[in-house]
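Structural characterization, general
Residue-level listing of the chains:
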Amino acid sequence: EICACLVGSEMCIRDRRYVDQWQILFNTVLAIGAWSSEGESTDADLFYYSNVKSHLKTKVFESGSVTLVIAFHLLSRYAEWRQNPNTGYLYHGHALRMAISLGLHKDLPPEGIPDVIKERRRRIWTCIYSREVHLALLDGRPLQYMFFDDQVSISLPNSVEDETRWIKGPSIYMGS
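No experiment lies behind these values; they were computed from the predicted model shown.

1. Re the packing of helix 4 (residues 66-81) against helix 6 (residues 115-139)
- Across the interface, helix 4 lies against helix 6 with an axial gap of 11 Å and an inter-helix angle of 35°. Handedness of the helix 4/helix 6 crossing: left-handed. Within the contact between the two elements, helix 4 uses Val-66, Val-69, Ile-70, His-73, Ser-76, Arg-77 and Glu-80 and helix 6 uses Ile-124, Cys-127, Ile-128, Arg-131 and Leu-135.
- Here the residues of the contact of helix 4 with helix 6 sort into seven nonpolar, two polar and three charged.

Structure (structure tokens):
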């Protein structure tokens, strides 16, 4: 499906699946925000979560993107906070397999790719992989994907002092 949208004064046409991807991420962030601010005293987060589920269509799973990797990772965390560990595990599995299919576990060639893009990929992969290890350790679940040293070639993320200076060394993004 194709849908039209108005951007500024220009009309653009977007593929419906990309609109769905952004709606999934957007409503996931809103659900987490509502749950974080209101807790379980209201059902505001469930409203946004139902919006997320309404956009989870077959076409979404037929096209991988970094947007969906992030959305599924956040959905996994949200489901865990809402005391739905099996649902969280399933969302994490989608994020992990999509990240692998996009090659986020491998470094990009050094030439022609901005350092910011490489660093974003490192952080996304590190979050996904750390979550995989935490689920295995905390919940006693098996690893969903067996990684061997020669399969994962991406470097660990670097720390950022400010937007223009990168520091080689341990990062706060490791989470472990």
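Structure shown, so let's carry the discussion forward.
2. Re the confidence of the model for the protein chain
- Across the protein chain, the average pLDDT comes to 78, with 73% of residues at 70 or higher.
- The spread of mean pLDDT over the elements of the protein chain runs between strand 1 (residues 2-7), the lowest at 42, and helix 4, the highest at 94.
- A low-confidence stretch, residues 1-13 stays under pLDDT 50, and its non-local contacts, those more than four residues away or across chains, total 21 contacts.

3. Focus: the side chain of Thr-67
- By secondary structure assignment, the location of Thr-67 is in helix 4.
- For Thr-67, a relative accessible area of 15% corresponds to the buried category.
- With near-sequence residues (within four places) excluded, Thr-67 lies in contact with Gln-21, Trp-22 and Leu-25.

4. So, the pattern of salt bridges
- For the structure on display, the rule yields four salt bridges.
- Residue Asp-45 pairs with Arg-82 through a salt bridge whose shortest N-O separation is 3.3 Å. Taken together, the residues span a long stretch of sequence, with Asp-45 in helix 2 (residues 44-55) and Arg-82 in the loop between helix 4 and helix 5 (85-101) at a distance of 37 residues.
- By relative accessible area, which is 0% here, Asp-45 ends up buried.
- The class for Arg-82 is buried, based on a relative accessible area of 17%.
- For Glu-119, the salt bridge goes to Arg-122, with nearest N and O atoms at 3.0 Å. Of the two residues, Glu-119 and Arg-122 are both situated in helix 6; the distance of three residues between them amounts to about one turn of the helix. Both residues of the pair, Glu-119 and Arg-122, count as buried.
- Residues joined in a network through salt bridges with shared partners are Glu-119, Arg-122 and Arg-123.

5. Quick notes on the nonpolar core
- In terms of nonpolar packing, the biggest core is built from 24 residues, with Ile-24, Val-69, Phe-72 and Leu-75 touching the most fellow members.
- Breaking this core down by element, the ones donating at least two residues are helix 1 (16-38), helix 2, helix 4, helix 5 and helix 6.
- If you tally residues by element for this core, the top one is helix 4, at seven residues.
- In this view, Leu-75 contacts Ile-24, Thr-28, Tyr-49, Val-52 and Tyr-91; residues no more than four positions away in its chain are not counted.

6. Concerning the packing of aromatic side chains
- Tallied over the entire structure, the rule returns six aromatic pairs.
- Seen from their ring centres, Phe-47 and Tyr-48 are 5.3 Å apart, and the 70° between their planes marks the pair as edge-to-face.
- With relative accessibility at 49%, the residue Phe-47 sits in the partly exposed group.
- Measuring from centroid to centroid gives 5.3 Å for Tyr-49 and Tyr-78, while their planes differ by 45°, and the two rings are tilted. Taken together, the residues Tyr-49 in helix 2 and Tyr-78 in helix 4 connect sequence positions 29 residues apart.
- Each residue in the set Phe-61, Phe-72 and Tyr-91 is aromatic and connected to the rest through ring pairs, giving one cluster.

7. Section: helix 5
- Under the 1.5 Å per step criterion, the end-to-end length of helix 5 is 24 Å for 17 residues, consistent within 8% with the ideal 24 Å.
- Three or more residues of helix 5 are buried, namely Gly-88, Tyr-89, Tyr-91, His-92, Gly-93, Ala-95, Leu-96, Met-98, Ala-99 and Ile-100.
- The elements touched by buried residues of helix 5 are helix 2, helix 4 and helix 6.
- Residue Gly-103 follows helix 5 closely and has a positive phi angle near 80°.

Procedures and definitions
- Residues numbered from 1 in each chain as written.
- Predicted model: local features only at pLDDT ≥ 70, side-chain atom pairs only at ≥ 80, totals over all residues.
- Heavy atoms only, no water.
- Axes fitted to C-alpha atoms, helices over the stretch in contact; angles between N-to-C directions.
- Helix = DSSP H or I, 4+ residues; strand = E, 2+ residues; numbered from the N terminus.
- Left-handed = near helix turned anticlockwise from the far one by under 90°.
- Contact = heavy atoms within 4.5 Å.
- Nonpolar A, V, L, I, M, F, W, Y, C, P; charged D, E, K, R; others polar.
- pLDDT = per-residue confidence, 0-100.
- Buried < 20%, exposed > 50% of the residue type's maximum accessible area, 1.4 Å probe, protein only.
- Salt bridge = Lys/Arg side-chain N within 4 Å of Asp/Glu carboxyl O.
- Core = buried A, V, L, I, M, F, W, Y, C linked by side-chain atoms within 4.5 Å.
- Phe/Tyr/Trp six-rings, centres within 6.5 Å; stacked < 30°, edge-to-face > 60°.
- Expected span 1.5 Å × (residues − 1).

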